[in-house]
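Tertiary structure, described
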Amino acid sequence: MGVSRAAAAKPALVEGISAKARLHVVTGKGGTGKTTVAAALALALAETGRKVLLAEVESRQAMAQLFDTPAMPYQEQRLTGTANGGELFGLAIDPEQAMIDYLEMFYGLKRSARGLRKMGAVDFVTTLAPGLRDVLLTGKVKEATVRTADGSPYYDAVVLDAPPTGRIARFLDATQEVAKLTKFGPIAKQSEGVIALLHGAKTRVHLVTLLEEMPVQETLDAAAELASLGFRLGSVVVNRARPTLIGPDQIGADGQVDLQLLAAGLREARLPDGHAPALAAEMAEYAQRQRVQHENAERLDALDLPRVELPDLNPPVQLGELKDLAARFLADGERS
Ligand SMILES: Nc1ncnc2c1ncn2[C@@H]1O[C@H](COP(=O)(O)OP(=O)(O)OP(=O)(O)O)[C@@H](O)[C@H]1O
Ligand SMILES: [Mg+2]
């Protein structure tokens, strides 16, 4: 494994990120930060000295923006390297190209790809039959995960920026559905391999959430659904967590700040006490948000899963901030 490739320091991963997992699936409610978290996790894995592939399946080109590279072609592209020999590659998986690969791999049909496109077969599979589309996408993810070169794994880890929680179970089990139709032949065999990998010990599904009502509900629902289907959950990634800035003695039972006290405090700090009302309003608002965060964090206790907390930064997150987020997936990351 690439883990022993160079002599430079190799940090360990936090508890929620299994060092043995080869495929990390990152899902969550739309907009909670799946792409950002997948990229940060991939970068963290590279920082442990691994050779990592970050794959996306929704054709958003979100990764290209994050890493400030041109739009990604359907080809693995090196995004960055680390001092200890770790490497990060990116791939935007395109269903049409995945289909062409597939036919070539199993039926030697390379030359007929154009014919298929003419017949509308590519359109049918990639747009009209969403189940088949997902089969092609997960099939490509499996190929990259189990690929070998000279007898050893080509990638030490693959991180998938996956579809949102509402679609994740169907996406991951699309092959299971289609496999029911094909019992024999190369496709049936390939299907078994995909199902075995996705449900197996080398795969972990991580759930990204914000500490808000709806994302937490979707996280709880998805965790139950995925577990019941036999997928292995890794961690809950609490994204955009805000620090606790207001203590219980700074806010009244009514949720308001004592103006007199605040004005006195400002004077003591040699600041104009005229700011007290505006500051009090902001404090009350922040305290309210803190309460909501706290309540939602408690709801997540229902899940017996390790949690990784990422701070709320100034969006949009770029490569520099991504490194700070990546550090949270590494042991002792918070200190660095
Ligand atoms: N920890 C963070 N701090 C600040 N901004 C963040 C953080 N995480 C994500 N963002 C910002 O939030 C926005 C949404 O993030 P991202 O694209 O990763 O979410 P997503 O779940 O992948 O969205 P979609 O469902 O559209 O794919 C982006 O502008 C991103 O820069
Ligand atoms: Mg995204």
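Here we summarise the structure given alongside this text. (Residues numbered from 1 in each chain as written. Chains lettered and ligands numbered in written order. Predicted model: local features only at pLDDT ≥ 70, side-chain atom pairs only at ≥ 80, totals over all residues. Heavy atoms only, no water.)

With that settled, the discussion passes to the overall build of the protein chain. Helix and strand counts for the protein chain stand at 13 helices and 10 strands. In the protein chain, which comprises 336 residues, the share counted as buried stands at 48%. Counting only carbon and sulfur atoms, one obtains 53% of the accessible surface of the protein chain, whose full area is about 17000 Å². (Helix = DSSP H or I, 4+ residues; strand = E, 2+ residues; numbered from the N terminus. Buried < 20%, exposed > 50% of the residue type's maximum accessible area, 1.4 Å probe, protein only. Areas by Shrake-Rupley, 256 points an atom, 1.4 Å probe, with all protein chains shown as cover.)

Listing the buried residues of helix H13 (residues 319-327) in full gives Leu-322, Leu-325, Ala-326 and Ala-327. Considering only its buried residues, H13 is in contact with helix H1 (34-47), helix H2 (62-66) and strand E10 (307-311). (Contact = heavy atoms within 4.5 Å.)

On to helix H12 (residues 276-299), then. The end-to-end C-alpha separation of H12 is 34 Å, in line with the 34 Å expected for 24 residues at 1.5 Å each. Among all positions in H12, only Ala-276, Ala-280, Met-283, Ala-284, Tyr-286, Ala-287, Gln-290, Gln-293, Asn-296 and Ala-297 are buried. Looking at the buried residues of H12, the elements they touch are helix H10 (213-228), strand E9 (233-241), helix H11 (259-268) and E10. (Expected span 1.5 Å × (residues − 1).)

For the rest of this paragraph, the subject is the packing of aromatic side chains. What the rule picks out here adds up to 2 aromatic pairs. Here Phe-89 and Tyr-155 contribute two aromatic rings whose centre-to-centre distance is 5.9 Å and whose plane-to-plane angle is 65 degrees, an arrangement assigned as edge-to-face. In this pair, Phe-89 sits in strand E4 (residues 87-92) while Tyr-155 sits in the loop between strand E6 (152-153) and strand E7 (157-161), placing the two residues 66 residues apart along the sequence. Judged by its relative accessible area of 13%, Phe-89 falls in the buried class. For the pair Tyr-154 and Tyr-155, a centre-to-centre distance of 4.9 Å together with 85 degrees between the ring planes defines the contact as edge-to-face. A residue is classified by how much of its surface remains accessible, and Tyr-154, at 29% relative accessible area, is partly exposed. Put simply, the rings of Phe-89, Tyr-154 and Tyr-155 touch in pairs and so form one group of aromatic residues. Lying across the ring of Tyr-154, Lys-51 places its NZ or CZ 3.8 Å from the centre. (Phe/Tyr/Trp six-rings, centres within 6.5 Å; stacked < 30°, edge-to-face > 60°. Lys NZ or Arg CZ within 6 Å of the ring centre and 35° of its normal.)

Moving on, we come to the site of ligand 1. Surveying the vicinity of ligand 1 reveals 16 residues, the closest of which are Gly-31, Lys-34, Thr-35, Thr-36 and Leu-313. Measuring from a nitrogen atom of ligand 1, one finds a side-chain N or O atom of Arg-240 at 3.4 Å. Elements that contribute at least two residues to the shell around ligand 1 include exactly H1 and E9. The element contributing the most residues to the shell around ligand 1 is H1, with 3 residues. A class-by-class count of the residues in the shell around ligand 1 yields 5 nonpolar, 7 polar and 4 charged. (Near = heavy atom within 4 Å. Polar contact = N/O pair within 3.5 Å; in protein donor to acceptor, adjacent residues only side chain to side chain. Nonpolar A, V, L, I, M, F, W, Y, C, P; charged D, E, K, R; others polar.)

Moving on, we get to the nonpolar core. Counting residues in hydrophobic clusters, the biggest one holds 47 residues, and the most contacted among them are Leu-23, Val-25, Ile-93, Leu-160, Leu-172, Leu-226 and Leu-300. Listed in part, the 34 residues of the second largest apolar core include Ile-17, Ala-46, Ala-157 and Val-317. (Core = buried A, V, L, I, M, F, W, Y, C linked by side-chain atoms within 4.5 Å.)

Turning next to the sheet that holds strand E2 (residues 51-56). Strand order across the open sheet formed by 8 strands is E3-E4-E2-E7-E1-E8-E9-E10, with mixed pairing between neighbours. Both edges of this open sheet fall to strand E3 (77-81) and E10, since each of them pairs with a single strand only. Adjacent strand axes in the sheet meet at a mean angle of 25 degrees when their direction is disregarded. Here 5 bridges tie E2 to E7, and the two strands are oriented parallel to one another. Residue pairing for E7: Leu-54 is matched across the bridge by Val-159. (Pairing = 2+ DSSP bridges. Axes fitted to C-alpha atoms, helices over the stretch in contact; angles between N-to-C directions.)

Next up on the list: the packing of H1 against H13. Describing two packed helices takes the angle between their axes plus the distance from one axis to the other. Packing of H1 against H13 brings their axes to within 8 Å, and their N-to-C directions diverge by 70 degrees. With respect to H13, the axis of H1 lies roughly perpendicular. Taken together, the residues of H13 that come into contact with H1 (itself represented by Thr-36, Ala-39, Ala-40, Leu-43 and Ala-44) are Leu-322, Lys-323, Leu-325 and Ala-326. A class-by-class count of the residues in the contact of H1 with H13 yields 7 nonpolar, 1 polar and 1 charged. (Parallel < 35°, antiparallel > 145°, perpendicular 65-115°, else oblique.)

The next point concerns unusual backbone geometry. A cis amide bond links Pro-315 to the next residue, Pro-316, at an omega of -5 degrees. Structurally, Pro-316 can be placed in the loop between E10 and H13. Despite not being glycine, Asp-68 shows a phi value in the positive range, around 55 degrees. Among the secondary structure elements, Asp-68 is positioned in the loop between H2 and E3. Residue class for Asp-68 comes out exposed when judged on its relative accessible area of 70%.

Turning to the pattern of salt bridges, a few remarks are in order. Oppositely charged side chains can form a pair if their charged atoms are brought close together. Summed over the entire model, instances satisfying the criterion amount to 11 salt bridges. Of the charged contacts, one joins Lys-140 and Glu-143 as a salt bridge, the two residues approaching to 3.2 Å between their closest N and O atoms. Of this pair, Lys-140 and Glu-143 both sit in helix H6 (residues 130-146), 3 residues apart, which is roughly one turn of the helix. A relative accessible area of 13% places Lys-140 in the buried class. Its relative accessible area of 22% is what places Glu-143 among the partly exposed residues. Here Glu-143 and Arg-147 are joined by a salt bridge, their closest N and O atoms 2.8 Å apart. Among the charged side chains, a network of salt bridges with common partners joins Glu-76, Lys-140, Glu-143 and Arg-147. (Salt bridge = Lys/Arg side-chain N within 4 Å of Asp/Glu carboxyl O.)

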